[in-house]
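Architecture at a glance
Okay, here's what each chain looks like letter by letter:
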Amino acid sequence: MRKYTLILCFLLAAATASAAKIDTVAVFSAKMQRDIPALVVVPDAGAGRRMPVLYLLHGYSGSYMTWQRDVTDLRPLADAYGMIIACPDGENSWYWDSPTDPQSQFETFVSQELTTYIDKHYATRDNRKGRAITGFSMGGHGGLWLSMRHPDIFGAGGSISGGVDIRPFPENWKMKEQLGSYDEYPERWNEYTVINQLDSLSDKQLHIVIDCGYGDFFYKVNQQLHNELLKRGIPHDYYNHPGRHTIEYCGIAIDYQIVFFNKYFDSSK
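Please read these numbers as outputs of a predicted model, since none were measured by experiment.

The biggest cluster of nonpolar side chains holds 52 residues, and the ones touching the most others in it are Ile 118 and Leu 225. Ranked by size, the runner-up nonpolar core spans 28 residues in total, among them Val 71, Ala 253, Phe 260 and Tyr 264.

As structure tokens, then:
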């Protein structure tokens, strides 16, 4: 009995160690004409001041609950760095505005509708200097896709194990349901991939961080993106560690990336 009492005490202590609160919200998308769920972690330490917001995007087959439920407890991170963390549901959208499915318009949702909602309902630093975005796998693609295409909204963008070039994977992860098949629409696949967005970074204003494990099936395309950024002289942080395309790798990588984003937020005050 004493053993179980100790376990219960440990669980209660863990649950109350962080004062951050978790809100589950439904955000109406005017473009999709439906509610999209999101999880919002609000640090207790932020009471009475405006806080930066880190947007975390889940991977394929995940949901708005994935980061908190499967990757790491976001509450101590929010408290430690004094930032709001928002995790939207992106379904299996790849965070595009799909040209084929009017019910999958997640570029607009995350970059405009969600950010507007968060700024309206929470005490945020409501400009690009107070917003960063990153994610895992499909969400890593989304973090760079959205930040590169909307540098007026996000001042920093990142990717963990991201699908930063979709073209080598035309039959995977139902991307062709979003874009049409690669054989029919090769120009669309060229347009909708991260590595072809670099022309928009010529002003060097976006702070970029990329992380991918050596054993990841996305390692090659991440290395190619890194090399292209170097070739163009675009500043960025690039990390590699031993590891594969796993939640465990993601859980380690997010600790590094939050430090990167926190440094950006502090320098942008």
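Once you've had a look at it, read on.
Quick look at the pairing of strand S6 (residues 156-160) now. For S6, the buried fraction is high: 5 of the 5 residues fall into the buried class. Strand direction decides the pairing type here: strand S5 (residues 131-135) and S6, joined by 2 bridges, are parallel. In the strand pairing of S6, Ile 133 is matched with Gly 157. Between the parallel pair S5 and S6, the chain is carried across by helix H5 (residues 138-149), and the sense of this crossover is right-handed. In this sheet, strand S7 (residues 207-211) lies alongside S6 in parallel orientation, the contact comprising 5 bridges. Residue pairing across strands places Gly 157 opposite Ile 208, the latter belonging to S7.

Glancing now at the environment of Gly 140. Residue position: Gly 140 is located in helix H5. Each C-alpha atom, one on Gly 140 and one on Gly 158, is 6.7 Å from the other, the two residues being 18 residues apart in sequence. If we skip the residues at most four places from it in the chain, Gly 140 touches Gly 135, Gly 158, Ser 159, Ile 160 and Gly 162.

How each quantity is defined
- Residues numbered from 1 in each chain as written.
- Predicted model: local features only at pLDDT ≥ 70, side-chain atom pairs only at ≥ 80, totals over all residues.
- Heavy atoms only, no water.
- Core = buried A, V, L, I, M, F, W, Y, C linked by side-chain atoms within 4.5 Å.
- Buried < 20%, exposed > 50% of the residue type's maximum accessible area, 1.4 Å probe, protein only.
- Helix = DSSP H or I, 4+ residues; strand = E, 2+ residues; numbered from the N terminus.
- Pairing = 2+ DSSP bridges.
- Right-handed = clockwise from strand over helix to strand, strands pointing away.
- Contact = heavy atoms within 4.5 Å.

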